[in-house]
Amino acid sequence: MSCGCLKHTWNKMFASVVLSLLLFAKMFETKSNFSYDNTNKTSFEVVDGIARHEIHILIKKITKSADEITIDRFARQNDRNVADSIRKRKKRRHNIVFHKPTNWRHVWLKSRTGYFLQIEADGTVNGHINKTNYTKMELQVITPQIKRIVGVATGRFLAINKKGKVESKVISDQDTYFHEEMLETLDFSFSSIKYPKEIDNPPWYLGLKRKQGSTAKGRAKRASRTLQGDKATHFSITYADT
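Below you will find a few notes about this structure. (Residues numbered from 1 in each chain as written. Predicted model: local features only at pLDDT ≥ 70, side-chain atom pairs only at ≥ 80, totals over all residues. Heavy atoms only, no water.)

Moving on, we come to the overall build of the protein chain. Of the regular secondary structure elements, the protein chain holds 2 helices and 12 strands. The secondary structure elements of the protein chain, listed N-terminal to C-terminal, are α-α-β-β-β-β-β-β-β-β-β-β-β-β. Total accessible area on the protein chain is roughly 15400 Å²; 54% of this is exposed by carbon and sulfur atoms. (Helix = DSSP H or I, 4+ residues; strand = E, 2+ residues; numbered from the N terminus. Areas by Shrake-Rupley, 256 points an atom, 1.4 Å probe, with all protein chains shown as cover.)

So this is what it looks like as structure tokens:
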């Protein structure tokens, strides 16, 4: 048995023992308040049965909540395992798809700067102030927090390369995986899983900013120069009708 499973088992046993002691104390307090005489022969066994039933119900509740916590921990651990495998895997063949999506949705990703993310036919990644044929994206779910973004019109994968440049690729590789995070403003941010290679460095985020000389189009901000609080990296997700 692994250390994690053993620790979880001991936590459940400790919670059950504590609840049992509290409920038995409550049961004895209830018994002391009962009047037992010949005219009203109330059996203490009934009280015992009720108390045992309450104990059984509460232990089931605490066990269920502990199981839900375990599932949540397992999901987070699965995210970390997949992210580690993406970072460490060597690119032996360019056409290998490392992790296949479990689900997907067609969405529009709009930055707080006012631009919709789009991948044009030539592979250029930029933003547009209005919805176009290239702004509809396919958000692929690898794990609950690891995603891939694909242009529906072009079929190209959004990526961040080792220099921090936002680009698109025809074939998926390690650069095309993103970590999705929900922010306090109910927006979402997408950071590269592969880069930066140094864990102590801040994450590289996807961002859109205004393009000089144009009001309708924005351009992708270099991911290596983004900050967590930058509004260019905050995106709202709108689901498209499929």
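Attention shifts here to the side chain of Thr143. Mapped onto the fold, Thr143 is located in strand 4 (residues 136-143). Overall, Thr143 belongs to the buried group, its relative accessible area being 3%. A distance of 3.2 Å separates a polar atom in the side chain of Thr143 from the backbone nitrogen of Ile146. (Buried < 20%, exposed > 50% of the residue type's maximum accessible area, 1.4 Å probe, protein only. Polar contact = N/O pair within 3.5 Å; in protein donor to acceptor, adjacent residues only side chain to side chain.)

Counted by the stated rule, this structure contains 6 salt bridges. In this structure, the salt-bridge partner of Lys169 is Asp173, at a minimum N-O distance of 2.8 Å. Both residues of the pair, Lys169 and Asp173, belong to the buried class. One salt-bridge network, in which partners are shared between bridges, spans Lys169, Asp173 and Asp175. (Salt bridge = Lys/Arg side-chain N within 4 Å of Asp/Glu carboxyl O.)

Right, let's talk about unusual backbone geometry for a bit. Among all residues except glycine, the phi angle is most often negative; among peptide bonds, the trans geometry is most common. Residues Tyr195 and Pro196 are joined by a peptide bond in cis, for which omega reads -5°. Inspection of the secondary structure puts Pro196 in the loop between strand 9 (188-192) and strand 10 (208-210). We note that Leu186 has phi near 70°; this positive angle belongs to a residue other than glycine. Along the polypeptide, Leu186 turns up in the loop between strand 8 (178-182) and strand 9. Classification of Leu186 by relative accessible area gives exposed; the value is 59%.

On to the environment of Thr135, then. The topology assignment puts Thr135 in the loop between strand 3 (125-128) and strand 4. The spatial distance from the C-alpha of Thr135 to the C-alpha of Glu120 is 8.5 Å, given a sequence separation of 15 residues. In this structure Thr135 touches Val107, Trp108, Phe116, Leu117, Gln118 and Asn130, once residues within four positions along its chain are discounted. Within the structure, the side chain of Thr135 is placed 2.9 Å from the backbone oxygen of Thr132, a separation counted as a polar contact. (Contact = heavy atoms within 4.5 Å.)

Taken together, the side chains of Lys162, Lys163, Lys165, Lys197, Lys211, Arg219, Arg222 and Arg225 make up a positively charged region of the molecular surface. Mapping Lys165 onto the fold places it in the loop between strand 6 (157-160) and strand 7 (166-169). For Lys165, a relative accessible area of 46% corresponds to the partly exposed category. (Patch = residues over 30% accessible without salt bridge, like charges linked within 9 Å, V, L, I, M, F, W, Y side chains within 5 Å. Lys, Arg positive; Asp, Glu negative; His and termini not counted. Charge placed at Lys NZ, Arg CZ, Asp CG, Glu CD.)

Another aspect to go through is the environment of Ala216. Structurally, Ala216 is set in the loop between strand 10 and strand 11 (217-220). A relative accessible area of 30% means that Ala216 is categorised as partly exposed. The spatial distance from the C-alpha of Ala216 to the C-alpha of His128 is 5.8 Å, given a sequence separation of 88 residues. When residues no more than four places from it in sequence are discounted, the contact partners of Ala216 are Tyr115, Gly127, His128 and Ile129.

For the structure shown, the criterion picks out 2 aromatic pairs. Centroid distance Phe190 to Phe235: 6.3 Å. Interplanar angle 65°. Geometry classified as edge-to-face. On the criterion of sequence distance, the pair formed by Phe190 in strand 9 and Phe235 in strand 12 (residues 235-239) is long-range, its members being 45 residues apart. With respect to class, Phe190 is no different from Phe235; both count as buried. The ring of Tyr239 has Arg105 lying over it, and the distance from NZ or CZ to the ring centre is 4.2 Å. The ring of Trp108 has Lys131 lying over it, and the distance from NZ or CZ to the ring centre is 3.8 Å. (Phe/Tyr/Trp six-rings, centres within 6.5 Å; stacked < 30°, edge-to-face > 60°. Lys NZ or Arg CZ within 6 Å of the ring centre and 35° of its normal.)

This next bit is on the nonpolar core. Ranked by size, the top nonpolar core spans 23 residues in total, and within it Leu109, Leu117, Ile149, Leu158, Phe190 and Leu206 carry the most contacts. Of all the secondary structure elements, the ones that give two or more residues to this core are strand 1 (103-111), strand 2 (116-119), strand 4, strand 6, strand 9 and strand 12. By size, the runner-up hydrophobic cluster in this structure holds 7 residues, among which are Ile86, Ile142, Tyr177 and Ile193. (Core = buried A, V, L, I, M, F, W, Y, C linked by side-chain atoms within 4.5 Å.)

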